[in-house]
Amino acid sequence: MFTYINQQSQIPENATLIILSKEMSQNALQNFSDDEKNYMEVQFVRHKNRSFYFNKLSHQLFLEIAEVKENHEHFIESLRLIADRLVNCLQQAKVQEVYVQAYDFDKDEILAFAEGLVLANYSFVAYKTDKEKSARYLEIIQLVSNNIKQADLDELNIVTEATLTARTLVNQPVNYLNAVGLAEEIKTMAEDVGAKVEILNKSKIEALKMGGLLAVNQGSIDPPTFSIVEYKPENAVNKKPLVFVGKGVVYDTGGLNIKTGEFMNNMKSDMGGAAAAVSSIYAIAKAKLPLYVIALIPATDNRPGQVAYASGDVITMFDGQTVEVINTDAEGRMILADALAYAKKFDPMLVIDLATLTGSAVRAIGHLGVVAMGANSDSFMEQLKLSGERTSERIVEFPFWDEYAEELKSEIADMIHLGGAEGGAITAGKFLEKFTDYPYIHLDIAGPAFTTKRINYRGIGGTGVGVRLLFDFAKSLV
Ligand code: BES
Ligand code: ZN
Ligand code: ZN
């Protein structure tokens, strides 16, 4: 279903071809006529034009002279962006198969370019009735290079597929994907890669007294779910698991503190953390990384209703701590707190949660990066930042000083769940931290998880942010 990346040793005649080169060299120009060569050389020298396209009717020829950058990660990202631009042309020309020749590029560079092609080609057309019109699929990418191995391609196919799967989960509206539906998708994905999966239903969640998840679910007619995926290969390098926790609010109306104006638009994306956590463990298991990983997904919608939880309520959470609710729209932290407390039983080496948690994170850095906070996890945070640079899912570390937690004092319960107007992303993180006792990283992806305007190869709608980041991070641990 998604674009597939393959390797070829030869380019057939009349194949649609992208020639990627770092220089306007004879090597790069060998497929072109003398007229074409002259034209491009003049354009390149006089007008600094680096991008050429010839429609040969039977096929298309592209030449891209990529501008090498001093910073390797920046260069890699520029290749993804070139790929994004080319996908637009390929789709217009209805190209299904494209060859890529990139002789003077190393493995990382070629793979990044192919990754950009695949990610840019995605579109969510599940509910278009005219499939013919909406289909714009580049089906197969043939890489011609001696610098890549089949294993590299297998891995890239796995990670791109997982990223696009995360996008689709986010793009599904709540009337097609509620908490039960999300759990079913998680089960299918886990079983597909041979991971263990357990779905806790409402009565099990009640028996476990997950007060935060149950409180948020009170206003809903759909039951909550709590999904546990475990991937534990025999050759795992870690005894204690790496645990991902994903916010699975399948729709966030705000609850009784209902969202007004345009703030409710696109709140189907409030399970972007869940989508990323699940798709990451899916990719890790499918690639058979020797790493013990667990994913925990608390899921529900957040709605007003006759018996919806209300501000002022005091909720006893899974771990027994009591929380005074200040605003029912701060629901993500209520369901995550239970999952984080549940994670203690695995004695984790590190827990990373992903959540579309706060408007405060969006206001601080917009859509371009992931807001991160960490406790007892300095070296992991440094590694995660490197993964962020490599994948261009960049990490911005926020302060996590204990003073921020002072805002969470309650007169009547152990804590309130919401700080003041300032530093809201951080006080949200501080609230979550109260439910942890292990090395912990909190990722607020409220900005980058969803976009209403197309952002290059990240697409429009769900972006799948977090999957490439966590896969790269997992790889760096093994
Ligand atoms: N899901 C939202 C956060 C969000 C905002 C995600 C924008 C994506 C884009 C979260 O549950 C929320 O509603 N947060 C509120 C809390 C506030 C009302 C106390 C916020 O941050 O504005
Ligand atoms: Zn909310
Ligand atoms: Zn929310």
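The structure displayed is predicted, hence computed values, not measured ones. (Residues numbered from 1 in each chain as written. Chains lettered and ligands numbered in written order. Predicted model: local features only at pLDDT ≥ 70, side-chain atom pairs only at ≥ 80, totals over all residues. Heavy atoms only, no water.)

## Things to note about the sheet that holds strand β5 (residues 97–101)
One open sheet holds the six strands; their spatial order is β1-β6-β5-β2-β4-β3, and the pairing between them is mixed. The outermost strands of the open sheet, each flanked by one partner alone, are β1 (4–7) and β3 (51–55). Across this sheet, the average inter-strand angle for adjacent strands is 20°, counted without regard to direction. Judged from the three bridges that link them, strand β2 (residues 17–21) and β5 form a sheet pairing that is parallel. (Pairing = 2+ DSSP bridges. Helix = DSSP H or I, 4+ residues; strand = E, 2+ residues; numbered from the N terminus. Axes fitted to C-alpha atoms, helices over the stretch in contact; angles between N-to-C directions.)

## What to know about the site of ligand 1
Near ligand 1, the surroundings consist of 14 residues, among which Lys-259, Asp-270, Asp-329, Glu-331 and Gly-359 are the closest. The side chain of Glu-331 places a nitrogen or oxygen atom 2.9 Å from an oxygen atom of ligand 1. Thr-356 is positioned with one of its backbone polar atoms (N or O) 3.4 Å from a nitrogen atom of ligand 1. When the free accessible area of ligand 1 is taken as 520 Å², the share hidden by the protein chains comes to 76%. Split into classes, the residues belonging to the shell around ligand 1 amount to four nonpolar, four polar and six charged. (Near = heavy atom within 4 Å. Polar contact = N/O pair within 3.5 Å; in protein donor to acceptor, adjacent residues only side chain to side chain. Areas by Shrake-Rupley, 256 points an atom, 1.4 Å probe, with all protein chains shown as cover. Nonpolar A, V, L, I, M, F, W, Y, C, P; charged D, E, K, R; others polar.)

## Some thoughts on the coordination of the zinc ion (ligand 2)
Here the zinc ion (ligand 2) is held by the protein donor atoms Asp-252 (OD), Asp-329 (O), Asp-329 (OD) and Glu-331 (OE), which lie 2.0 to 2.2 Å from it. In this structure, the zinc ion (ligand 2) is surrounded by six donor atoms whose angles at the metal cover 70 to 165°, and the resulting shape is irregular. All donors of the zinc ion (ligand 2) belong to a single chain; written as a sequence motif, their spacing is D-x76-D-x1-E. Here the zinc ion (ligand 2) and the zinc ion (ligand 3) are spaced 3.2 Å apart, linked through Asp-252, which binds each one. In this structure Glu-331 comes out as buried when scored by relative accessible area, which is 0%. (Donors = N, O, S within 2.8 Å, 3.2 Å for Na, K, Ca; no water. Tetrahedral: all angles 85-135°; square planar, octahedral: opposite > 155°, others 65-115°. Buried < 20%, exposed > 50% of the residue type's maximum accessible area, 1.4 Å probe, protein only.)

## Quick notes on the nonpolar core
Within soluble globular proteins, side chains that are nonpolar generally end up buried alongside one another. Counting residues in each nonpolar core, the largest one holds 62 residues, and the members touching the most others are Leu-182, Leu-242, Phe-244, Met-271, Ile-352 and Leu-443. Per-element tally for this core: the top contributor is helix α10 (residues 272–286), with ten residues. In terms of nonpolar packing, the next biggest core, distinct from the first, is built from 41 residues, Leu-200, Val-245, Val-325 and Met-334 among them. (Core = buried A, V, L, I, M, F, W, Y, C linked by side-chain atoms within 4.5 Å.)

## As for the pattern of salt bridges
On inspection of all chains with the given rule, the structure shows 27 salt bridges. For Arg-390, the salt bridge is made with Asp-472, and the minimal N-O distance between the two is 2.8 Å. Of this pair, Arg-390 sits in helix α13 (residues 378–391) while Asp-472 sits in helix α15 (residues 467–477), and the two are 82 residues apart along the sequence. Owing to a relative accessible area of 15%, Asp-472 belongs among the buried residues under this scheme. Taking the shortest distance from any N to any O, the salt bridge between Lys-430 and Asp-402 comes out at 3.1 Å. Of the two residues, Lys-430 sits in helix α14 (residues 424–433) while Asp-402 sits in the loop between β16 (395–397) and β17 (415–416), which places them 28 residues apart along the sequence. Judged by relative accessible area, which is 2%, Lys-430 ranks as buried. What you see here is one network of salt bridges that share partners, running through Glu-77, Arg-80, Glu-115, Glu-393, Arg-458 and Arg-468. (Salt bridge = Lys/Arg side-chain N within 4 Å of Asp/Glu carboxyl O.)

## Remarks on the coordination of the zinc ion (ligand 3)
Looking at the zinc ion (ligand 3), the protein donor atoms are Lys-247 (NZ), Asp-252 (OD), Asp-270 (OD) and Glu-331 (OE), and they sit 1.9 to 2.4 Å from it. Classification of the site at the zinc ion (ligand 3) rests on its six donor atoms, whose angles at the metal span 78 to 175°, yielding the label octahedral. All donor residues of the zinc ion (ligand 3) come from one chain, and their arrangement in sequence is K-x4-D-x17-D-x60-E.

## Let's talk about the packing of helix α11 (residues 332–343) against α14
Remark: α11 packs on α14, axes separated minimally by 9 Å, with the N-to-C direction vectors making an angle of 35°. Here α11 runs over α14; the crossing is right-handed. Contacts between α11 and α14 involve Arg-333, Met-334, Leu-336, Ala-337 and Leu-340 from the former and Ala-428, Phe-431 and Leu-432 from the latter. Its residues placed into classes, the contact of α11 with α14 shows seven nonpolar, no polar and one charged. (Left-handed = near helix turned anticlockwise from the far one by under 90°. Contact = heavy atoms within 4.5 Å.)

## Some details on unusual backbone geometry
One non-glycine residue with positive phi stands out, namely Asn-14, at about 60°. Note that Asn-14 resides in the loop between β1 and β2. Asn-14 sits in the partly exposed class, given a relative accessible area of 46%. The phi dihedral of Asn-456 is positive, around 35°, even though this residue is not glycine. Within the fold, Asn-456 resides in the loop between β19 (450–455) and β20 (459–462). Note on Asn-456: relative accessible area 21%, which makes it partly exposed.

## As for the pairing of strand β9 (residues 242–246)
The buried fraction of β9 is high, at five of five residues. Residue alternation in β9 divides its side chains into two sets, Leu-242, Phe-244 and Gly-246 and Val-243 and Val-245, and both sets are buried. Of the strand pairs in this sheet, β9 and strand β11 (residues 293–302) are connected by four bridges, and their pairing is parallel. Residue pairing in the sheet places Leu-242 in a bridge with Val-293 of β11. Across five bridges, β9 lies against strand β14 (residues 350–355) in parallel orientation. Bridged to Leu-242 within β14 is Leu-350.

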